[in-house]
Amino acid sequence: MPQYKLYYFNLRGWAEPARQLFKLAHVEFEDVRIENGTPEWGALKPKTPFGQLPFLSVDGFEIPQSAAILRYLAKKFGYAGKTSEEEAWVDAIVDQFKDFVTPLRQLIMAQRSGNAEEIERIQKEVFAPARDTFFKILNGILEKSKSGFLVGDGVTWADLVIADILTTMEMLGVFDKHGEEQKLAALREKVNEIPEIKEHNSSRPDSVV
Ligand SMILES: N[C@@H](CCC(=O)N[C@@H](CS)C(=O)NCC(=O)O)C(=O)O
(Lines give C-alpha, C1' and ligand atoms only; values in the text may rest on other atoms or scores of the structure.)
Protein backbone atom coordinates (compact mmCIF):
# COMPACT_ATOMS: atom_id res chain seq x y z
CA MET A 1 0.00 0.00 0.00
CA PRO A 2 1.46 3.41 -0.91
CA GLN A 3 2.10 5.98 1.78
CA TYR A 4 -0.54 8.70 1.41
CA LYS A 5 -0.16 12.17 2.91
CA LEU A 6 -2.96 14.70 2.43
CA TYR A 7 -1.82 18.29 3.04
CA TYR A 8 -4.45 20.91 3.85
CA PHE A 9 -5.33 23.62 6.34
CA ASN A 10 -7.19 22.75 9.54
CA LEU A 11 -10.55 23.02 7.75
CA ARG A 12 -13.03 20.75 5.97
CA GLY A 13 -12.98 22.93 2.84
CA TRP A 14 -11.58 21.43 -0.36
CA ALA A 15 -10.05 18.40 1.36
CA GLU A 16 -12.80 16.91 3.48
CA PRO A 17 -14.28 14.55 0.86
CA ALA A 18 -10.76 13.17 0.25
CA ARG A 19 -10.41 12.43 3.98
CA GLN A 20 -13.82 10.72 3.82
CA LEU A 21 -12.77 8.62 0.81
CA PHE A 22 -9.79 7.25 2.77
CA LYS A 23 -12.14 6.37 5.62
CA LEU A 24 -14.72 4.75 3.32
CA ALA A 25 -12.01 2.63 1.71
CA HIS A 26 -10.32 1.80 5.05
CA VAL A 27 -7.03 3.09 3.69
CA GLU A 28 -4.47 4.64 6.06
CA PHE A 29 -3.33 8.19 5.32
CA GLU A 30 -1.58 11.02 7.09
CA ASP A 31 -3.93 13.97 7.58
CA VAL A 32 -1.37 16.79 7.56
CA ARG A 33 -3.05 19.98 8.84
CA ILE A 34 -1.20 23.26 8.46
CA GLU A 35 -2.17 26.62 9.96
CA ASN A 36 -2.62 29.33 7.34
CA GLY A 37 -0.53 32.47 7.92
CA THR A 38 2.19 30.61 9.85
CA PRO A 39 5.92 30.38 9.01
CA GLU A 40 5.26 26.67 8.38
CA TRP A 41 2.86 27.52 5.53
CA GLY A 42 5.18 30.29 4.29
CA ALA A 43 7.97 27.74 3.96
CA LEU A 44 5.81 25.02 2.39
CA LYS A 45 3.87 27.17 -0.11
CA PRO A 46 6.66 27.58 -2.69
CA LYS A 47 7.36 23.84 -2.52
CA THR A 48 3.76 22.80 -3.25
CA PRO A 49 2.90 21.86 -6.87
CA PHE A 50 0.58 24.85 -7.53
CA GLY A 51 1.28 27.11 -4.50
CA GLN A 52 -1.92 26.13 -2.73
CA LEU A 53 -3.47 23.44 -0.56
CA PRO A 54 -4.72 20.77 -0.73
CA PHE A 55 -2.21 18.47 -2.36
CA LEU A 56 -1.83 14.74 -2.00
CA SER A 57 1.50 12.94 -1.78
CA VAL A 58 1.50 9.29 -2.89
CA ASP A 59 4.90 7.86 -1.97
CA GLY A 60 6.25 11.35 -2.69
CA PHE A 61 4.39 11.79 -6.03
CA GLU A 62 2.40 15.00 -5.57
CA ILE A 63 -1.09 15.75 -6.92
CA PRO A 64 -2.57 19.28 -6.60
CA GLN A 65 -6.19 20.49 -7.06
CA SER A 66 -8.97 18.97 -4.95
CA ALA A 67 -11.03 17.59 -7.85
CA ALA A 68 -7.96 15.84 -9.32
CA ILE A 69 -7.14 14.38 -5.89
CA LEU A 70 -10.72 13.22 -5.36
CA ARG A 71 -11.08 11.73 -8.82
CA TYR A 72 -7.74 9.90 -8.40
CA LEU A 73 -8.69 8.44 -5.01
CA ALA A 74 -12.27 7.65 -6.04
CA LYS A 75 -11.05 5.72 -9.10
CA LYS A 76 -8.56 3.77 -7.00
CA PHE A 77 -11.05 3.01 -4.22
CA GLY A 78 -14.18 2.37 -6.34
CA TYR A 79 -16.22 5.54 -5.73
CA ALA A 80 -15.92 7.22 -9.15
CA GLY A 81 -18.93 5.63 -10.87
CA LYS A 82 -19.25 2.14 -12.29
CA THR A 83 -19.23 3.02 -16.02
CA SER A 84 -17.65 5.79 -18.12
CA GLU A 85 -21.12 7.39 -18.34
CA GLU A 86 -21.52 7.35 -14.55
CA GLU A 87 -18.02 8.81 -14.19
CA ALA A 88 -18.97 11.61 -16.61
CA TRP A 89 -22.04 12.45 -14.54
CA VAL A 90 -20.04 12.46 -11.31
CA ASP A 91 -17.59 14.88 -12.97
CA ALA A 92 -20.42 17.04 -14.29
CA ILE A 93 -22.03 17.36 -10.86
CA VAL A 94 -18.71 18.33 -9.29
CA ASP A 95 -18.08 20.88 -12.07
CA GLN A 96 -21.51 22.36 -11.34
CA PHE A 97 -20.59 22.47 -7.65
CA LYS A 98 -17.38 24.35 -8.52
CA ASP A 99 -19.44 26.93 -10.44
CA PHE A 100 -21.60 27.37 -7.33
CA VAL A 101 -18.60 27.87 -5.03
CA THR A 102 -17.82 31.29 -6.58
CA PRO A 103 -21.10 32.95 -5.44
CA LEU A 104 -20.94 31.04 -2.16
CA ARG A 105 -17.48 32.48 -1.51
CA GLN A 106 -18.83 35.97 -2.21
CA LEU A 107 -21.42 35.39 0.50
CA ILE A 108 -18.77 34.11 2.93
CA MET A 109 -16.63 37.22 2.26
CA ALA A 110 -19.66 39.50 2.77
CA GLN A 111 -20.52 37.71 6.05
CA ARG A 112 -16.91 38.12 7.21
CA SER A 113 -17.01 41.84 6.42
CA GLY A 114 -19.92 42.19 8.85
CA ASN A 115 -21.49 44.85 6.58
CA ALA A 116 -25.24 44.10 6.88
CA GLU A 117 -26.19 45.98 3.69
CA GLU A 118 -23.55 44.18 1.65
CA ILE A 119 -24.56 40.79 3.10
CA GLU A 120 -28.17 41.44 2.09
CA ARG A 121 -27.19 42.61 -1.40
CA ILE A 122 -24.95 39.60 -2.07
CA GLN A 123 -27.57 37.22 -0.60
CA LYS A 124 -30.28 38.58 -2.86
CA GLU A 125 -28.46 39.44 -6.07
CA VAL A 126 -25.64 36.89 -6.22
CA PHE A 127 -26.10 33.97 -3.87
CA ALA A 128 -29.85 33.22 -4.02
CA PRO A 129 -30.09 32.93 -7.84
CA ALA A 130 -26.97 30.71 -7.93
CA ARG A 131 -28.30 28.51 -5.12
CA ASP A 132 -31.69 28.18 -6.84
CA THR A 133 -30.05 27.08 -10.11
CA PHE A 134 -27.76 24.63 -8.31
CA PHE A 135 -30.52 23.13 -6.16
CA LYS A 136 -32.87 22.80 -9.15
CA ILE A 137 -30.23 20.73 -10.96
CA LEU A 138 -29.55 18.53 -7.93
CA ASN A 139 -33.27 18.04 -7.24
CA GLY A 140 -33.84 17.05 -10.87
CA ILE A 141 -31.12 14.41 -10.57
CA LEU A 142 -32.43 13.11 -7.24
CA GLU A 143 -36.00 12.90 -8.56
CA LYS A 144 -34.81 10.34 -11.12
CA SER A 145 -32.50 8.48 -8.74
CA LYS A 146 -33.58 5.01 -7.67
CA SER A 147 -30.83 4.69 -5.04
CA GLY A 148 -31.18 8.10 -3.39
CA PHE A 149 -27.56 8.82 -4.39
CA LEU A 150 -26.71 11.25 -7.18
CA VAL A 151 -25.22 8.75 -9.63
CA GLY A 152 -25.83 5.02 -10.01
CA ASP A 153 -26.69 2.66 -7.21
CA GLY A 154 -24.14 3.62 -4.58
CA VAL A 155 -22.20 6.46 -3.03
CA THR A 156 -19.70 8.33 -5.23
CA TRP A 157 -17.35 11.23 -4.55
CA ALA A 158 -20.02 13.56 -5.97
CA ASP A 159 -22.30 12.64 -3.05
CA LEU A 160 -19.48 13.38 -0.58
CA VAL A 161 -18.82 16.78 -2.16
CA ILE A 162 -22.50 17.76 -2.17
CA ALA A 163 -23.17 16.49 1.37
CA ASP A 164 -20.21 18.50 2.62
CA ILE A 165 -21.18 21.75 0.91
CA LEU A 166 -24.69 21.42 2.41
CA THR A 167 -23.06 21.20 5.84
CA THR A 168 -21.04 24.33 5.10
CA MET A 169 -24.19 26.12 3.96
CA GLU A 170 -26.02 25.01 7.10
CA MET A 171 -23.19 26.40 9.24
CA LEU A 172 -23.38 29.68 7.32
CA GLY A 173 -27.13 29.85 7.99
CA VAL A 174 -28.21 29.39 4.36
CA PHE A 175 -29.39 25.76 4.39
CA ASP A 176 -32.10 24.47 6.71
CA LYS A 177 -32.29 20.69 6.98
CA HIS A 178 -35.92 21.02 8.09
CA GLY A 179 -36.76 23.43 5.28
CA GLU A 180 -38.00 23.06 1.71
CA GLU A 181 -35.02 21.12 0.38
CA GLN A 182 -35.98 17.72 1.73
CA LYS A 183 -34.43 15.69 -1.10
CA LEU A 184 -31.07 17.35 -0.47
CA ALA A 185 -31.41 16.96 3.28
CA ALA A 186 -32.15 13.25 2.72
CA LEU A 187 -29.10 12.85 0.49
CA ARG A 188 -26.85 14.40 3.13
CA GLU A 189 -28.41 12.21 5.81
CA LYS A 190 -27.87 9.10 3.66
CA VAL A 191 -24.18 9.99 3.16
CA ASN A 192 -23.65 10.91 6.81
CA GLU A 193 -25.28 7.69 8.01
CA ILE A 194 -22.69 5.53 6.22
CA PRO A 195 -20.88 4.04 9.25
CA GLU A 196 -17.35 5.09 8.19
CA ILE A 197 -18.53 8.63 7.42
CA LYS A 198 -20.52 8.87 10.63
CA GLU A 199 -17.51 7.78 12.68
CA HIS A 200 -15.18 10.19 10.82
CA ASN A 201 -17.56 13.16 11.10
CA SER A 202 -18.09 12.63 14.82
CA SER A 203 -14.36 12.76 15.56
CA ARG A 204 -13.12 15.48 13.18
CA PRO A 205 -12.19 19.00 14.33
CA ASP A 206 -15.07 21.50 14.08
CA SER A 207 -14.91 24.14 11.36
CA VAL A 208 -17.47 26.32 9.57
CA VAL A 209 -15.95 25.62 6.16
N1 LIG B 1 -9.04 25.05 -6.96
C2 LIG B 1 -8.24 24.70 -5.79
C3 LIG B 1 -8.45 25.76 -4.73
C4 LIG B 1 -7.46 25.61 -3.60
C5 LIG B 1 -7.47 26.82 -2.68
O6 LIG B 1 -8.20 27.82 -2.89
N7 LIG B 1 -6.66 26.73 -1.63
C8 LIG B 1 -6.57 27.81 -0.68
C9 LIG B 1 -7.16 27.37 0.66
S10 LIG B 1 -8.83 26.91 0.61
C11 LIG B 1 -5.11 28.12 -0.39
O12 LIG B 1 -4.23 27.29 -0.57
N13 LIG B 1 -4.88 29.33 0.12
C14 LIG B 1 -3.58 29.76 0.58
C15 LIG B 1 -2.77 30.47 -0.44
O16 LIG B 1 -3.20 30.59 -1.61
O17 LIG B 1 -1.68 30.91 -0.07
C18 LIG B 1 -8.65 23.30 -5.31
O19 LIG B 1 -9.79 22.89 -5.57
O20 LIG B 1 -7.82 22.60 -4.70
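Source: prediction; values computed, not measured.

**Let's talk about unusual backbone geometry**
Across the junction of Leu 53 and Pro 54, the peptide omega takes the value 10 degrees, indicating a cis bond. The topology assignment puts Pro 54 in the loop between α2 (39–44) and β3 (55–58). At His 26, a residue that is not glycine, the phi angle is positive and equals roughly 55 degrees. By the secondary structure assignment, His 26 is in the loop between α1 (16–24) and β2 (30–34). Classification of His 26 by relative accessible area gives exposed; the value is 61%. Here Gln 65, not a glycine, exhibits a phi torsion of approximately 70 degrees, which is positive. Among the secondary structure elements, Gln 65 is positioned in the loop between β4 (61–64) and α3 (66–77).

**Digging into the side chain of Glu 16**
Mapped onto the elements, Glu 16 comes out in helix α1. Polar contacts involving the side chain of Glu 16 include one to the side chain of Arg 19, which spans 2.8 Å. Sequence-distant contacts of Glu 16, defined by excluding residues within four places in its chain, comprise Asp 164, His 200, Asn 201 and Arg 204.

**Brief notes about helix α4 (residues 84–113)**
Compared with an ideal rise of 1.5 Å per residue, which puts 30 residues at 44 Å, α4 spans 44 Å between its outermost C-alpha atoms and is within 8% of the ideal. Maximum bend of α4: about 30 degrees, positioned at Thr 102, with proline Pro 103 one to four residues after it. Within the sequence span of α4, burial applies to Glu 86, Val 90, Ile 93, Val 94, Phe 97, Phe 100, Val 101, Pro 103, Leu 104, Leu 107, Ile 108 and Ala 110. Downstream of α4 by one or two residues, Gly 114 has phi in the positive range, about 75 degrees.

**Points about the sheet that holds β2**
The strand order β2-β1-β3-β4 describes an open sheet built from four strands, whose pairing is mixed. Two strands close off the open sheet at either side, each with one partner strand: β2 and β4. For this sheet, the mean inter-axis angle between neighbouring strands, taken without regard to orientation, is 20 degrees. Across four bridges, the pairing between strand β1 (residues 4–9) and β3 is antiparallel. Paired with Lys 5 across the bridge in β3 is Ser 57. Packed onto the sheet, α1 meets β1, β2 and β3 and runs at close to 150 degrees relative to β1. Relative to the sheet, α3 contacts β1, β3 and β4, its axis offset from that of β4 by approximately 120 degrees.

**Notes on the packing of helix α5 (residues 116–144) against helix α6 (residues 157–171)**
Relative to each other, α5 and α6 sit at 145 degrees, their axes nearing to 14 Å. The way α5 lies across α6 gives a crossing that is left-handed. Here α5 contributes Phe 127, Arg 131, Phe 134, Phe 135 and Leu 138 to the contact with α6, which in turn contributes Ile 162, Ile 165, Leu 166 and Met 169.

**Some thoughts on the pattern of salt bridges**
Counted by the stated rule, this structure contains 13 salt bridges. Among the salt bridges present, the one from Asp 31 reaches Arg 19, with a minimum N-O distance of 2.8 Å. Residue Asp 31 is found in strand β2, and its partner Arg 19 is found in helix α1; the two are separated by twelve residues along the sequence. Given the relative accessible area of 0%, Arg 19 is considered buried. Because the salt bridges share partners, they merge into one network encompassing Glu 16, Arg 19, Asp 31, Arg 33 and Arg 204.

Calculation notes
- Residues numbered from 1 in each chain as written.
- Predicted model: local features only at pLDDT ≥ 70, side-chain atom pairs only at ≥ 80, totals over all residues.
- Heavy atoms only, no water.
- Helix = DSSP H or I, 4+ residues; strand = E, 2+ residues; numbered from the N terminus.
- Buried < 20%, exposed > 50% of the residue type's maximum accessible area, 1.4 Å probe, protein only.
- Polar contact = N/O pair within 3.5 Å; in protein donor to acceptor, adjacent residues only side chain to side chain.
- Contact = heavy atoms within 4.5 Å.
- Expected span 1.5 Å × (residues − 1).
- Bend = angle between axes of the 7 residues up to and from the residue.
- Pairing = 2+ DSSP bridges.
- Axes fitted to C-alpha atoms, helices over the stretch in contact; angles between N-to-C directions.
- Left-handed = near helix turned anticlockwise from the far one by under 90°.
- Salt bridge = Lys/Arg side-chain N within 4 Å of Asp/Glu carboxyl O.

Read these as layout, nothing more, since geometry by itself doesn't imply function.
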